[in-house]
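Letter by letter, the chains look like this.
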Amino acid sequence: MSRPFQVDLTGVIELLSRHIYSSPRVYLRELIQNGVDAIRAAHKAQLDAEAGTTPALAERLDTPRLTVTPATPGKPFTFSDNGVGLTADEAAELLATVGRSSKRDPELGFKRDDYLGQFGIGLLSCFMVAPDIVITSRSRRTLEDGSRPAAIEWVGRIDGTFTVTELPADQSDALPYGTTVRLTANHGEDSLLGEDIVAELARTFAEFLPIPLEVRGESVVVLGRDAPFLTPLREDRSEVLEYGAELIGQEPLAAIPLNVPGTGTSGVAYVLPYAPPPGAAATARVYLSRMLLSEKIPDLLPAWASFAHAVVSTDYLTPTASREQLIANEGLQDTQEGIGRAITAWVKDQAENDPHAISELVAVHHLSLRQMASHYDELGAVLIPMLPVETSAGYLSIEEYLAITPHIRYAQTLDEYRQVASIVSPDRPVVNAGYTFVEELLLRMPALREGVTAERIAINDELRNLGPVPFDDSQRVGFLEKRATTALDNKYLQVIVRSFEPDNLPGLYVADPDVIAWIERDKARETAAGPWADILAQTQDVFDNLGRGSKAQLCLNWSNRAVRSLAAVDDSVVFTRSLRLLYAQSKLSGHHPLTAADRTMLTEALDDLITLSIGVSDFNFPEN
Ligand SMILES: Nc1ncnc2c1ncn2[C@@H]1O[C@H](COP(=O)(O)OP(=O)(O)OP(=O)(O)O)[C@@H](O)[C@H]1O
């Protein structure tokens, strides 16, 4: 014999409060939502009755209304709607069956679009704030035999029991149509039902509800105003911008209208007046049929749109059971794409028609715009040239760079850029493409502009392009190169001498990434033992062709006074110590980290030179 599942209500409440809902505060949202649905059900019942498919209603609903009265000492919290109401049978079946909802299509089991609820668990959230739920209800329906159902009282208790009572005719007739929920908190736990919190929660959830919600505290406040973010196309946009300022704390740069009819989603994307912190997610405040779902939904805006904060109301996107997130389905993806297109079209329009607005946008949000431009081909031609990049000639827009030369040269990593930025000639500046999306955007330029080329520089080529030393000095320079290479005694390093600007830069330490990688691998191979050495030897074979045997270069600047003086030094101790200082300085100015050996060498060299310069003569320096 098959038997029904038993439900342990306390366990279910525990599950709801700890794992589904983020806070017990959601109880009011669930009550508001049930009230709105009950009013929608009354309208639907009216239409059915008018169409003759059901008996006429006992009373039609003309002025929908929701009312909440916060708890006061000795008086319970109450929430009322003047919606469809419940009969005794409906109350017994719907209110006390976990997972039973009248808002799903009975045949297909899908949520029906005209209702907010669907899961049949929302009412249970009231047990997070009160041990009993008392509901009185009077149904607007007329029964098949033409009689009017009696009003009922339903009491549900946290121990998992409930009672339904039909009220006597005189009490029944005295009740208004619709439903009232009464909650009394346990002693000392009533703050969630009191005026302060109830008023705040009601405003949060129901500020823009299409049905007025009356909050009857010490004074009476009626919520349910027009949502400014749903009327952004009006001529006077001050209200839209004012609402944006309220939301983000400062006047937004702009308000972009959003409309994705397929999922009944519309609203506004506010452009932030400040750059978002790096890595910040693009979030949206989302209303479901104008009732707040969440202040921070992460997946509605495309990832590149972190420069905007959207506020939308949606009719057809599906919330999760907690009603605090959206389900990641096709509808959400379509909406995200639709929003992406709306923002892109707006940016393109600004770029083409409003130079002042676009330059303000680029100044604040160029990092996000880079990512955006890399996503949308149609933005490339207008937006990419406006974006600023770091170059060896300072920060320039790509357009400004192209005014210097149509041949874009870029360093692929920050490391490479730092090594060469100080020595490239100003009429052939190098762009730092070490930041995300920069290389991608630069490489798109040749297709967008005739005559433009883009190439990655190689550090060694840049060195080769440095000026040779004057012919007359070539002998002295050749000697200096050999003597300095020997004095530094480092098998991974070769000293060369060139003449370059600026002349106050004594030297450059230069190493291609491949060379650095080779040096690191070779050092590891030498010091490794056992099986690790074998593994390294094998990887060495794999990488054999990458930088093998190449050396880093210390390129001394013949135009620099200290370097020329060095060439004239006879004393080998002074020569070696001074050279080591130049080596360390060159490494530091190229932003290379000093190794432990470099640091020891630097300290010793400084020490010795200071000792020498203050004239300690009876000290024997080691000859190296
Ligand atoms: N104020 C009300 N008026 C009329 N019927 C109601 C009211 N509140 C609840 N009900 C009935 O009780 C059922 C269960 O309500 P409950 O809030 O638990 O779930 P739901 O609203 O259907 O779905 P969800 O869990 O998504 O909120 C509803 O489907 C509805 O039929």
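Bear in mind that the values here come from a model prediction, so they are computed numbers and not experimental data. Numbers given to residues run from 1 along each chain, matching the order in which its sequence is written. In keeping with the predicted nature of the model, local features appear solely for residues at pLDDT of at least 70, side-chain atom pairs appear and are counted solely at 80 or more, and the whole-chain, interface and lining totals rest on all residues. Excluding hydrogens and water, the side-chain values take into account all heavy atoms of the structure.

(A) The pattern of salt bridges, seen in detail. Here a salt bridge means any side-chain nitrogen of Lys or Arg lying within 4 Å of a carboxyl oxygen belonging to Asp or Glu. Overall, the coordinates contain 22 salt bridges when judged by the stated rule. Linking arginine 141 and glutamate 90 is a salt bridge whose minimum nitrogen-to-oxygen distance equals 3.6 Å. Here arginine 141 is found in the loop between strand E3 (132-138) and strand E4 (152-157), whereas its partner glutamate 90 is found in helix H3 (residues 88-95), with 51 residues between them in sequence. Burial classification: accessible surface area is computed with a 1.4 Å probe over protein chains only, and a residue below 20% of its type maximum counts as buried, one above 50% as exposed, and the rest as partly exposed. Note on arginine 141: relative accessible area 31%, which makes it partly exposed. Here glutamate 207 ties to arginine 225 by a salt bridge, and the two come within 3.0 Å at their closest N and O atoms. Here glutamate 207, found in the loop between helix H5 (195-206) and strand E7 (213-216), pairs with arginine 225, found in the loop between strand E8 (220-223) and helix H6 (238-248); they are 18 residues apart in sequence, far enough to count as distant. On the basis of relative accessibility, which here comes to 13%, the residue glutamate 207 falls in the buried class. Among the ionic contacts, a cluster of salt bridges with common partners joins Arg29, Glu30, Arg323 and Glu324. Where helices and strands are cited, they refer to DSSP runs of H or I of at least four residues and of E of at least two residues respectively, numbered from the N terminus.

(B) The arrangement of the site of the ligand in detail. If a single non-hydrogen atom of a residue is within 4 Å of a molecule or strand, that residue counts as near it. Not every one of the 21 residues close to the ligand is listed here, only the nearest: Asn34, Ser101, Ser102, Lys103 and Gln118. Two N or O atoms form a polar contact when they lie within 3.5 Å of each other; inside protein one atom must be a possible hydrogen donor and the other a possible acceptor, and for residues adjacent in sequence the pair counts only when both atoms belong to side chains. Separating an oxygen atom of the ligand from a backbone N or O atom of isoleucine 121 is a distance of 2.8 Å. Between the ligand and the protein, one listed contact pairs an oxygen atom with a backbone N or O atom of glycine 122 at 2.9 Å. Comparing atom positions with the cavity grids shows the ligand to sit within the largest pocket. Counting residues per element, the ones that place at least two in the shell around the ligand are helix H2 (26-50) and H3. Using a grid of 1 Å spacing that covers the protein atoms alone, one calls a set of points a cavity when a 1.4 Å probe fits there but cannot get out, and a pocket when the set is open and has protein on both sides within 12 Å along at least five of seven lines; lining residues are those with an atom within 4 Å of a point. More than half of a molecule's atoms within 2 Å of the grid points is what it takes for that molecule to sit in a cavity or pocket.

(C) Quick look at the sheet that holds E7. For two strands to count as paired, DSSP must find a minimum of two bridges between them. As summarised here, the arrangement of the eight strands in space is E5-E4-E3-E6-E2-E1-E7-E8, forming an open sheet in which the pairing is mixed. The outermost strands of the open sheet, each flanked by one partner alone, are strand E5 (162-166) and E8. Here the strands of the sheet are splayed against their neighbours by 15° on average, with no regard to which way each runs. Pairing of E4 with E5, which is carried by five bridges, proceeds in the antiparallel orientation. Note that in E5 the partner of isoleucine 152 across the bridge is glutamate 166. The contact criterion used is simple: two residues touch if any of their non-hydrogen atoms lie within 4.5 Å. Angles run from 0 to 180 degrees between N-to-C directions of axes, and those axes are lines fitted to C-alpha atoms, restricted for helices to the stretch in contact. Strands strand E1 (66-69), strand E2 (77-81), strand E6 (178-183) and E7 of the sheet are contacted by H2, whose axis makes an angle of about 25° with E2.

(D) The packing of aromatic side chains, seen in detail. Note on aromatic pairs: the rings of Phe, Tyr and Trp (six-membered ring only in Trp) are paired at centre separations within 6.5 Å, and the planes decide the class, stacked below 30 degrees, edge-to-face beyond 60, tilted for the rest. Summed over the entire model, instances satisfying the criterion amount to ten aromatic pairs. With a centroid separation of 6.5 Å and 25° between ring planes, the pair formed by tryptophan 304 and phenylalanine 307 is classed as stacked. For the pair tryptophan 304 and phenylalanine 307, a shared accessibility class is recorded, and that class is buried. When the ring of tryptophan 304 is compared with that of tyrosine 376, the centres are 5.5 Å apart and the planes differ by 90°; the resulting orientation is edge-to-face. Linking tryptophan 304 in the loop between strand E12 (291-297) and strand E13 (308-314) with tyrosine 376 in the loop between helix H8 (355-375) and helix H9 (377-383), this pair joins segments that are 72 residues apart in sequence. Comparing tryptophan 304 with tyrosine 376, the two get one shared label, buried.

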